[in-house]
Amino acid sequence: MSEKATDWPHIPDYYVGYIKADRNKPKTNQRELNNLERILAYIDKPPEAITKQDIDLWIQYCLNDRGNGRKYVRQLFYNIDSFLSYLHDERIIDENPADRIDREHYFKKTQSKKDEVAAKEKRDPIYYFEPDEIQPLIDATPHPRDKLIIELMAYCGTRAGETVHIQLDDIYTTEAGHTAINIISSKKDEYDDRPVYP
C-alpha cells in the first residue's frame, strides 16, 4: 500500500494536482474541489475510513434535510465517487465505498416515459416574456437580490434550479474580457459557462 490519505481535513495534494491536470476549465476544477471539501467536512472522517453508510447518510442529508434536487446531488456525488475511485486506483484505499451506493434508488427518475409525456401534455402552455416586458418587471421588483435573479434568468438563460446554486466566485472574466458564469446545467447535469450580456 502506498502513502495514506492522512492530510485530513484537507484534500490531499496529490489529488488536487490530479484534478488540476484535467482538461476542464480551472473554475470547473476548483468547483469540484470545493464541493469535495464540503462533502468531506460533512462526513468528517479521513478518506480511508469513509464507509458506504457515511455516503448514504450524506446523500440522505442532501435530499431530505437540505432539500437538494436529485440531479444536483448526483452531480455532487460524482465528486466524492471520483475522489474515492482515484484513491482506490492508486491503492491508497482497499475499496471505493461509493461503488456500493444504490444509484438507482437515489438518482433515477421514478416516472415512466409514458407518465412523463402525459404530465407534459397536461401542463399549461409556457408563457415567455417579450424583451420589452423584462425591464418593467425588474423595475417593479423592490429587492436587489430579486432584480439580479430576474436579470440572470432573462439575460443569461439560467433556469431556476441553476440560478439558486450560483455563487459569487462562479462569475469571472474570460481571456477575451467578457463576463461569464460557471453554473451546473440542470439539463445536461454538468458544468456549463454562460456569457453575461449587458
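Predicted model only: the values in this text are computed from it and were never measured.

Undergrad: Account for the layout of surface pockets, naming residues and giving values.
TA: Of the voids in this model, the second largest pocket is the one considered here, and its volume is about 450 Å³. Contributing to the lining of the second largest pocket are 21 residues, with Asn 35, Arg 38, Tyr 72, Leu 76 and Gln 167 lying nearest its centre. Of all elements in the fold, only α2 (26-43), α3 (52-65), α4 (70-89) and β2 (179-185) reach the threshold of two or more residues within the lining of the second largest pocket. In terms of residue class, the lining of the second largest pocket is made up of eight nonpolar, seven polar and six charged.

Undergrad: How would you explain the environment of Phe 77 if you had to name every residue and give the values?
TA: Structurally, Phe 77 can be placed in helix α4. Residues Phe 77 and Trp 58 lie 19 residues apart in sequence; the distance between their C-alpha atoms is 9.3 Å. Ignoring any residue separated from it by four or fewer positions in sequence, one finds Phe 77 in contact with Ile 55, Trp 58, Ile 59, Ala 98, Ile 101, Arg 103 and Phe 107.

Undergrad: Kindly report on a nonpolar patch on the surface, identifying the contributing residues and their values.
TA: On the surface, Tyr 127, Phe 129 and Leu 137 cluster together to form a nonpolar patch covering roughly 320 Å² of accessible area. Inspection of the secondary structure assignment puts Phe 129 in the loop between α6 (113-122) and α7 (131-139). Classification of Phe 129 as partly exposed rests on a relative accessible area of 48%.

Undergrad: Describe the nonpolar core, listing the residues and the values that go with them.
TA: Grouped together as the largest cluster of nonpolar side chains are 32 residues, with contacts concentrated most on Ile 55, Trp 58, Ile 59, Phe 77, Ile 80, Phe 83 and Leu 84. Those elements giving two or more residues to this core turn out to be α1 (13-20), α2, α3, α4 and α5 (103-107). Here this core takes nine residues from α4, the largest share from any one element. In this structure Ile 55 touches Ile 43, Ile 50, Phe 77, Leu 84, Pro 97, Ala 98 and Ile 101, once residues within four positions along its chain are discounted. Counting residues in each nonpolar core, the second largest holds five residues, with Leu 152, Cys 156, Ile 166 and Ile 183 among its members.

Undergrad: Could you give me a rundown of α4, with the residues and numbers involved?
TA: Here α4 spans 27 Å end to end across 20 residues, near enough to the 28 Å set by a 1.5 Å rise per residue. A positive phi of about 60° marks Arg 91, the residue just after α4.

Calculation notes
Residues numbered from 1 in each chain as written. Predicted model: local features only at pLDDT ≥ 70, side-chain atom pairs only at ≥ 80, totals over all residues. Heavy atoms only, no water. 1 Å grid on protein atoms, 1.4 Å probe; cavity = no way out; pocket = protein on both sides within 12 Å on 5 of 7 lines; lining within 4 Å. Points joined across faces, edges and corners; volume = space filled by probe spheres on them. Helix = DSSP H or I, 4+ residues; strand = E, 2+ residues; numbered from the N terminus. Nonpolar A, V, L, I, M, F, W, Y, C, P; charged D, E, K, R; others polar. Contact = heavy atoms within 4.5 Å. Patch = residues over 30% accessible without salt bridge, like charges linked within 9 Å, V, L, I, M, F, W, Y side chains within 5 Å. Areas by Shrake-Rupley, 256 points an atom, 1.4 Å probe, with all protein chains shown as cover. Salt bridge = Lys/Arg side-chain N within 4 Å of Asp/Glu carboxyl O. Buried < 20%, exposed > 50% of the residue type's maximum accessible area, 1.4 Å probe, protein only. Core = buried A, V, L, I, M, F, W, Y, C linked by side-chain atoms within 4.5 Å. Expected span 1.5 Å × (residues − 1).

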